[in-house]
Amino acid sequence: MIFITAKFRVRPEHADRWPEITADFTRATRAEPGCLWFDWSRSVAEPTEYVLVEAFRDDEAGAAHVQSAHFKAAQQTLPPHLLETPRIVNATIPQDDWSLLGEMAVPGQE
């Protein structure tokens, strides 16, 4: 899978509305056949920072995502709400779901 984590520093006046601002993009991306997940989280340490954790089935699904109409629209509509260019980590990982964190295993669960 293609595993991506990106940090978005949102302008303070838009930070509380970021989930609403990105709602159409998020909904459309989650509906893509190759999208495994697409989840936003807000930093507890820096309230203007949002972290996006996303995964796509393979290179083909990742390419389809960046070529989609909703991605092209987001390239136009999201940057005016940002303080800076988002930072990203992008990796190909030989799995298709989350692994269990064995160091914090819950007794009785496998």
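This one's a predicted model, so the numbers in the text were calculated from it and none came from an experiment. (Residues numbered from 1 in each chain as written. Predicted model: local features only at pLDDT ≥ 70, side-chain atom pairs only at ≥ 80, totals over all residues. Heavy atoms only, no water.)

Along the backbone of the protein chain there are five helices and four strands. Each helix (α) and strand (β) of the protein chain, taken in turn from the N terminus, gives the series β-α-α-α-β-β-α-α-β. Every one of the 110 residues in the protein chain was classed for burial, and the buried ones make up 35%. Long-range contacts, defined here as pairs at least 24 residues apart, represent 72% of the contacts in the protein chain between residues at least 6 apart. About 7300 Å² of surface is accessible on the protein chain, with carbon and sulfur atoms providing 56% of the total. Distance from the positive charge centre (10 side chains) to the negative charge centre (17 side chains) of the protein chain: 9 Å. (Helix = DSSP H or I, 4+ residues; strand = E, 2+ residues; numbered from the N terminus. Buried < 20%, exposed > 50% of the residue type's maximum accessible area, 1.4 Å probe, protein only. Contact = heavy atoms within 4.5 Å. Areas by Shrake-Rupley, 256 points an atom, 1.4 Å probe, with all protein chains shown as cover. Lys, Arg positive; Asp, Glu negative; His and termini not counted. Charge placed at Lys NZ, Arg CZ, Asp CG, Glu CD.)

The next point concerns the environment of Gly 34. Positionally, Gly 34 belongs in the loop between helix H3 (23–30) and strand S2 (35–42). Between the C-alpha atoms of Gly 34 and Ala 61, which are 27 residues apart in sequence, the distance is 4.8 Å. Sequence-distant contacts of Gly 34, defined by excluding residues within four places in its chain, comprise Ala 55, Phe 56, Arg 57 and Ala 61.

Attention now moves to the pattern of salt bridges. Tallied over the entire structure, the rule returns nine salt bridges. The shortest N-O distance in the salt bridge between Asp 16 and Arg 42 comes to 2.9 Å. Residue Asp 16 is found in the loop between helix H1 (12–15) and helix H2 (18–21), and its partner Arg 42 is found in strand S2; the two are separated by 26 residues along the sequence. Of the residues examined, Arg 42 reaches a relative accessible area of 35% and is grouped as partly exposed. Close ionic contact of Glu 84 with Arg 87 constitutes a salt bridge, the shortest N to O distance being 3.5 Å. The exposure class of Glu 84 is partly exposed, given its relative accessible area of 32%. By sharing partners, the salt bridges in this structure join Lys 7, Arg 9, Glu 49, Glu 84 and Arg 87 into a single network. (Salt bridge = Lys/Arg side-chain N within 4 Å of Asp/Glu carboxyl O.)

All right, on to the UniProt feature "domain: ABM" (unreviewed entry) in the protein chain then. UniProt feature "domain: ABM" (unreviewed entry): in the numbering of this structure it lies at residues 2–90. Taken as a whole, residues 2–90 contains 38% helix and 31% strand, while its terminal C-alpha atoms sit 7 Å from one another. (UniProt positions renumbered as here; feature names shortened; annotations may be inferred.)

Closest axis-to-axis distance for the helix H4 (residues 59–67)/helix H5 (residues 69–77) pair is 5 Å, and the angle between their directions is 50°. With respect to each other, H4 and H5 are oriented oblique. Where H4 abuts H5, its residues His 65, Val 66 and Gln 67 lie against Ala 69, His 70, Phe 71 and Lys 72. Classifying every residue of the contact of H4 with H5 gives three nonpolar, three polar and one charged. (Axes fitted to C-alpha atoms, helices over the stretch in contact; angles between N-to-C directions. Parallel < 35°, antiparallel > 145°, perpendicular 65-115°, else oblique. Nonpolar A, V, L, I, M, F, W, Y, C, P; charged D, E, K, R; others polar.)

This brings us to the packing of aromatic side chains. In this structure the tally under the stated criterion is 10 aromatic pairs. When the centroid spacing of 5.0 Å and the interplanar angle of 20° are considered together, the rings of Trp 37 and Trp 98 count as stacked. Here Trp 37, found in strand S2, pairs with Trp 98, found in the segment after strand S4 (87–92); they are 61 residues apart in sequence, far enough to count as distant. According to the relative accessible area criterion, Trp 98 is exposed, its value standing at 53%. Among the aromatic residues, ring-to-ring pairing joins Phe 8, Trp 18, Phe 25, Phe 38, Trp 40, Tyr 50 and Phe 71 into one connected group. (Phe/Tyr/Trp six-rings, centres within 6.5 Å; stacked < 30°, edge-to-face > 60°.)

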